[in-house]
Structures are given as structure tokens and as C-alpha cells.
Amino acid sequence: MEIVTYFDKVFSLFISKDEINEILNKLALEVNKTYQDVNEDVILVSILDGSFIFMADLVRKLDFEFDIEFVKIRSYEGMESTGDFELLLNLQIEIEGKHILIIEDIVDTGLTIEKFIDKVKEMNPASVKVCSLLSKPEVHNDIINIDFVGREIPPAFVIGYGLDIDGKARNLDGIYQLEI
Ligand code: IMP
């Protein structure tokens, strides 16, 4: 499918399924290299809902020992970042002294991840790193350091591969960009 329509808005294919797989392979190489010699506990923390597909695909390419956790944050409505930060599901485990790798679908304004990193740091982990499939550097102006970035994209709204528009389109196996 080259074109999809949701809520009368037209989106065109931007990153294909095969390209996503290449991005995942590149990210997995980097993440594996970084954590292969870490002998303490590593926890991958996926930010729901958007990163559930990315998380599921990425973990199957990783070859070191780790636990997984999920947190749920609401910060986006429709096609706008609200700037509000609501932690709907918090970490359920003790993370003190552990290495945390946050798995995010996309960093737009960076506000969500920035606030979540602050929360995680209050719990005294051994380290905190961020892995994001997509990043919009022109929007967040590098206010936060993303340790592993799959692909930098322009500031347009995207859907698919876990990313939604008002809860829909998460099931698309490619990533689609809003046509203007
Ligand atoms: P931020 O706080 O502005 O960085 O936004 C973070 C969250 O907003 C992401 O985890 C996504 O869930 C959502 N988001 C940001 N940009 C997009 C987009 O282009 N499409 C769909 N969701 C997005």
C-alpha cells in the first residue's frame, strides 16, 4: 500500500517494512555492542503504547541478558504533543543499581522522554540510555541525548508500525507520512 487514509487525512508510504528491518538491524548491532560486556542487570523499558511493535521486533535481535518492563505515558492527542505528562502505568520493579535502556517509538518535542528520564534517575539506576526508532531533531533541537536513533525524520506527522492517529493505524507494517 502506497497511500492510506485515516480521518480524511492522506498518508503516503515513507519507510517500508524492509527499510524498518534494516534500521532494526543497525540499532541491534549498536545496542548489542554497548551492553555485551555489562555484567550487571539490564532492563529494557518500553514506553506504551507506541513502542510495542518496535520493542517486540528489537528484543528478538538482541543477544545479551535483560529483563523487560513496560510503562504507559499519555502526552499526545490527535496530531499534537500536549506537553502534559501523565504516567498511567509506572515501573513495577526496583531499578536501583540497574542499567536502564528506554525504548521509545519517536522523539518529537522530547518532553515525554525528558520527564520520564528525570523520574527514572530519581530511582538511582546504574545508567540510563535511550533508544528511539525515530527522531525529529528539528522539533526537539537535541534538548535530550538519544543514545541510539533508528532514523532522523523531518517534522511531519507519521503513523504505522505502532504509531497512531487517535488510536488507529498502529497495525500498518510500514511508516506513513501525512501528505500536505
Ligand atoms: P514528544 O513528547 O513530543 O517527544 O512526543 C512523544 C510521543 O508522542 C511519542 O512517544 C508518540 O507516542 C507521540 N508522537 C510524537 N510524534 C508522533 C507522530 O508523528 N506520530 C504519532 N505519534 C507521535
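As shown above, the structure is provided for reference.
First things first, this report covers the structure right here in the doc. A quick note: this is a predicted structure, and the numbers were derived from the prediction, not measured. (Residues numbered from 1 in each chain as written. Predicted model: local features only at pLDDT ≥ 70, side-chain atom pairs only at ≥ 80, totals over all residues. Heavy atoms only, no water.)

### Regarding the sheet that holds strand β9 (residues 158-159)
Strands sit in the order β1-β2-β10-β9 across an open sheet of four strands; the sheet is antiparallel. In the strand order of this sheet, the two ends are held by β1 (3-6) and β9, each with one partner. Set on the sheet, helix α1 (residues 17-35) makes contact with β2 (9-15) and β10 (175-178); between it and β2 the angle comes to about 50 degrees. (Pairing = 2+ DSSP bridges. Helix = DSSP H or I, 4+ residues; strand = E, 2+ residues; numbered from the N terminus. Contact = heavy atoms within 4.5 Å. Axes fitted to C-alpha atoms, helices over the stretch in contact; angles between N-to-C directions.)

### A short note on a negative patch on the surface
Taken together, the side chains of Glu-40, Asp-41, Glu-65 and Asp-67 define an acidic patch exposed on the protein surface. Turning to its location among the elements, Glu-65 is positioned in the loop between α2 (52-59) and β4 (67-77). (Patch = residues over 30% accessible without salt bridge, like charges linked within 9 Å, V, L, I, M, F, W, Y side chains within 5 Å. Areas by Shrake-Rupley, 256 points an atom, 1.4 Å probe, with all protein chains shown as cover. Salt bridge = Lys/Arg side-chain N within 4 Å of Asp/Glu carboxyl O. Lys, Arg positive; Asp, Glu negative; His and termini not counted. Charge placed at Lys NZ, Arg CZ, Asp CG, Glu CD.)

### A closer look at α1
Because an α-helix packs 3.6 residues into every turn, residues spaced three or four apart end up facing the same way. In this model, α1 (19 residues) spans 27 Å end to end at C-alpha, consistent with the 27 Å of a helix rising 1.5 Å per residue. Within α1, burial applies to Ile-20, Ile-23, Leu-24, Leu-27, Ala-28, Val-31, Asn-32 and Tyr-35. Mapping the buried residues of α1 onto a view down its axis gives an arc of 165 degrees, with all of them on the same face. Seen from the buried face of α1, the exposed residues on the opposite side, beyond 90 degrees, are Asp-18, Glu-22, Leu-29 and Lys-33. (Expected span 1.5 Å × (residues − 1). Buried < 20%, exposed > 50% of the residue type's maximum accessible area, 1.4 Å probe, protein only. Arc of directions from axis to C-beta.)

### Some words on the pattern of salt bridges
Summed over the entire model, instances satisfying the criterion amount to six salt bridges. Here Asp-49 makes a salt bridge to Lys-72, at a shortest N to O gap of 2.8 Å. On the criterion of sequence distance, the pair formed by Asp-49 in the loop between β3 (42-48) and α2 and Lys-72 in strand β4 is long-range, its members being 23 residues apart. Notably, a salt bridge pairs Arg-74 with Glu-86, separated by 3.0 Å at the nearest N-O pair. A residue pair is termed long-range when its members are at least 10 positions apart, and Arg-74 in strand β4 and Glu-86 in strand β5 (residues 80-89) qualify at twelve residues.

### Here's the deal with unusual backbone geometry
Omega for the peptide link from Leu-48 to Asp-49 comes to 0 degrees, which places this bond in the cis form. Even without a glycine there, the phi angle at Phe-7 is positive, about 50 degrees. Along the polypeptide, Phe-7 turns up in the loop between β1 and β2. The class for Phe-7 is partly exposed, based on a relative accessible area of 45%. For Asp-8, which is not glycine, the phi torsion reads 65 degrees and is therefore positive. Residue placement: Asp-8 occurs in the loop between β1 and β2. According to the relative accessible area criterion, Asp-8 is exposed, its value standing at 78%.

### Here's the deal with the environment of Glu-19
With respect to the helices and strands, the residue Glu-19 is situated in helix α1. Taking the C-alpha atoms as reference points, Glu-19 and Asn-141, 122 residues apart in sequence, are found 25 Å from one another. For Glu-19, the side chain forms a polar contact with the main-chain nitrogen of Ser-16, separated by 2.8 Å. (Polar contact = N/O pair within 3.5 Å; in protein donor to acceptor, adjacent residues only side chain to side chain.)

### Section: the pairing of strand β7 (residues 127-135)
For β7, a buried count of seven out of nine residues is recorded, marking the element as mostly surrounded by other parts of the structure. Bridging between strand β6 (residues 99-107) and β7 involves eight bridges; their strand directions are parallel. Bridge pairing in β7 links Leu-101 to Lys-129.

### Side note on the pairing of β10
Walk down a regular strand and you will see the side chains alternate between the two sheet faces. Alignment of β2 against β10, held across four bridges, turns out to be antiparallel. Bridging from a neighbouring strand, Phe-11 pairs with Leu-178 of β10. Direction of pairing for β9 relative to β10: antiparallel, over a ladder of two bridges. Its bridge partner lying in β10, Val-158 is registered against Gln-177.

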